[in-house]
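A closer look at the structure
Here are the chains, one letter per residue:
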Amino acid sequence: MVSIPSLVLLVALVSLWVILVVAYGYAGKQDKSVTYDGRSLIIGGKRELLFSGSIHYPRSPPEMWAGVLEKAKRGGLNVIQTYLFWNIHEPIQGQFNFQGEYDLVKFIKMIGDQGMYATLRVGPYIEAEWNHGGFPYWLREIPNITFRTDNLPFKKHMKKFTQMIIKMMKDEKLFAPQGGPIILAQIENEYSYIEPAFKEFGTRYVHWAGNMAVGLHTGVPWMMCKQKDAPDPVINTCNGRKCGDTFTGPNEPYKPSIWTENWTAQNRVFGDPPSQRTVEDIAFYVARFFSKNGTLANYYMYYGGTNFGRTASSFVTTRYYDEAPLDEYGLLREPKWGHLRDLHGALKLCQKALFWGNPSVEKLGEQQEAQIYEKPGTDICAAFLSNNNSRTPATVTFRGHQYYLPQHSISIVPDCKTVVYNTKMIVAQHNSRNFEISEKASKGLNWEMLRESIPTAKDVPVKERSPIELISTTKDTTDYLWYTTSIYLDHTELPFRKEIHSVLQVVSLGHLMHAFINGEYVGSGHGSNIDKSFVFQKLITLKVGTNHISLLGATVGLADSGVYLERRLAGVHAVAIKGLNTGTLDLSMNGWGHQVGLDGEKLHVFTHKGSHSVNWTEAQRQGPALTWYKAYFDAPEGNEPVVIDMKTMSKGMVWINGKSIGRYWVSYLSPLEQPSQSKYHIPRAYLKPTENLVVILEEIGGNLNGVRILSANRDTVCSYISENHPPQVRSWGREDSHINIISKNPKPAAYLMCHDSKEIAHVDFASYGNPAGVCGSYDLGNCTAPNSQKIVEKHCLGKSRCYVPFEQAIFDKDARLCPGVSKILAIQIQCGYKK
């Protein structure tokens, strides 16, 4: 028999168990839907500010993905955006590849493992400075196809591929309602640029694409970037550098404002000078966007990576968006990474006000204003104080307090009182990148060479009357197509006078051509990213008898944008010889032979197995055109990124242990008379401890003496702050509606940190006064506290991170240093491994 107290206890325990089961069941089935309204995306019933970054899985090996994603999360991102690359996944119709660096599912799952969301830009047209805009070559050969319009063959194949990808994502449960990280998907890409060319067929296509995507029932919203006529419920979004000012807004009031591409720099093509965009400018427009009802801003790129192999589009460099917050090697580019991290922290402090406050604008001056979000009757209030004057700082009064606003800046005030961040004043540390020669790796570069054979009309039978088009012949399996012909000349046709010479003239549709007469190299010509076509003219020496003309036409990636991609052409178009006694000899209809690719490519001489199938000889340091080189080297010490310096070579491609690290073209100089890129990334994942095979195909001729294996680091770390700088954002926290101090000393200070288990080994520079310059190159100015170096050394040496207060009492106790001069603290330290 059970007693009353025992029965009461039993009932209580059962009730508690029921409550726990119900609660657990609710937690296990909690809402994971993704919806939206005019204010934001709503994920699982919750609004979130979304800070996103583009990272493309095929632009780095899988071994790098975890580290890059972890750094993105530490940088304050909670979303990763990636394109989907049709031509790498279906290079041959019906044959798919999702392995290795193409393992899309693995990449998406790793994003989820980091606790971040994902945006999948399916396209399947993507541009992205990617070969053919992501379209596989075989798509061009579908009968009666026209890309990206209301064309039945194109829509059939586009839909089939899109359906397959969405099914794959569903099968792996990667959409948010299934518990996965994908919260957004994109169909098409910047179609508005070409829509007018197709007229009503373009408009019909946009609506077909949007409705097709929605009909796949992913459970997450779809978007179209730069597409004002995106059909409901597809969200139209903004791309550009200044979407806070230029975006006219969603095409319906119930759609959120999304910034799909905020360009952190500019992609570069061969022949371009360096590309820059300051982090202050990026931060200004991100703050502006969120102050104007923005809900998601994506950095394109957050990590650019490398265009390995032949994946880059026409004339695009191997290095992709190196000026992003994470550079090509995955290293933190400071202050871009840190200043944006602090921006994200400041915006999160404003989240409640941004979502629940009423927006208003208050004029503070002729070019100054406050964007305010405030909930009446509560303490919820956030303000963005803007100085839109690009040249002159200003002091403004807002709600009884004065605020200093540098030129072209926004101060974020999450409680309408306290400035926690200013877009112009960088509290985060700076750094500079260093390249160091690996003596261990470079001393092993004992080069051997292999001449590529130059085919003639004897080797390649004449089958066509005129030169044929290059792209449709090579079918994107190689860059190269040989054109061969021959002419017979007797002595009466050759110039008699010494001052008269024969000239070879070749009209090419692009992109590049190397000319050989009787097996001897005579020169090269090329177009540009703007104008692919060119005319090549060169003095040549001809002989009595049969003369062989061999032209090697080449592409440098296929075009990635514009109307009628499927109709783009390349290669030799017309050939003539000028200066003969009989006048100009037109060879365009002379009869031509063609050979796809190089012998070395077919023999795979860039692999360990293929390299042993041919006979190599000792290399000449100044080698001839169209030559293969090989050597072996040991992996550099440590674990820093590895680089090969190609500054003394010309044009070609590099393979490491059989893997192409991309095209190099250092002889194509920018207007600054410098190559657009001379250093090329070798991922550590490609290397073995010893005996790594490096193979170079040099098309024009170069000097091997300058080829070196380097390691890259960002061990030069700096801080540059003034007395007007706010404390670090992490000095503040939000509790309910209040901004609270969570730091012991919320004052301006220098924060310096070494990464990768390194410590501060040396203080290269320290000055409290009026120093100037940039990290890696500071000057003292005419005012500096003499004890600056010792104070910084005391705070920092031997530590992995240090904090140096910006306090007059520390550097200038008697307040005698340069009266009336606004003070700056500049520090440069060197990180190194503990000895």
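Residues numbered from 1 in each chain as written. Predicted model: local features only at pLDDT ≥ 70, side-chain atom pairs only at ≥ 80, totals over all residues. Heavy atoms only, no water.

Before going further, it helps to examine helix H5 (residues 152-171). The periodicity of an α-helix, 3.6 residues per turn, causes residues three or four positions apart to be oriented the same way. Between its first and last C-alpha, H5 extends 28 Å over 20 residues, near the 28 Å set by a 1.5 Å rise per residue. Those residues of H5 hidden inside the fold are in contact with helix H3 (86-89), helix H4 (104-113), strand E6 (117-123), strand E7 (182-187), helix H7 (200-214) and strand E8 (222-225). Where H5 begins, the side chain of Asn151 points an oxygen toward the backbone nitrogen of Phe154, at a separation of 2.9 Å. In the stretch just after H5, Lys173 is the one whose phi turns positive, near 55°. (Helix = DSSP H or I, 4+ residues; strand = E, 2+ residues; numbered from the N terminus. Expected span 1.5 Å × (residues − 1). Contact = heavy atoms within 4.5 Å. Polar contact = N/O pair within 3.5 Å; in protein donor to acceptor, adjacent residues only side chain to side chain.)

Judged by how many residues are buried, strand E45 (residues 824-833) sits mostly within the fold: eight of 10 residues are covered. By the bridge criterion, seven bridges tie strand E37 (residues 708-722) to E45 in an arrangement that is antiparallel. The residue of E45 that forms the bridge with Ser719 is Ile827. Across 10 bridges, strand E41 (residues 758-769) lies against E45 in antiparallel orientation. Note on E45: the bridge partner recorded for Glu759 is Gly832. (Buried < 20%, exposed > 50% of the residue type's maximum accessible area, 1.4 Å probe, protein only. Pairing = 2+ DSSP bridges.)

A few words on the sheet that holds strand E30 (residues 617-618). On the basis of which strands lie adjacent, the open sheet formed by six strands has the order E30-E20-E31-E36-E33-E34 and antiparallel pairing. Each edge of the open sheet is held by one strand with a lone partner, namely E30 and strand E34 (659-665). Looking at chain direction, strand E20 (residues 448-451) and E30 are connected through two bridges and run antiparallel. Each bridged residue has a counterpart across the sheet, and for Met449 the counterpart in E30 is Thr617.

A word on the pairing of strand E5 (residues 79-83). Where burial is concerned, most of E5 is hidden: five out of the five residues are buried. As judged from the three bridges shared by strand E4 (residues 50-55) and E5, these two strands associate in the parallel manner. Residue pairing for E5: Gly53 is matched across the bridge by Ile80. In the classification by handedness, the crossover that spans E4, the intervening helix H2 (residues 62-74) and the parallel E5 is right-handed. Pairing analysis gives five bridges linking E5 to E6, with the strands arranged parallel. Bridge pairing links Gln81 to Thr119 in E6. (Right-handed = clockwise from strand over helix to strand, strands pointing away.)

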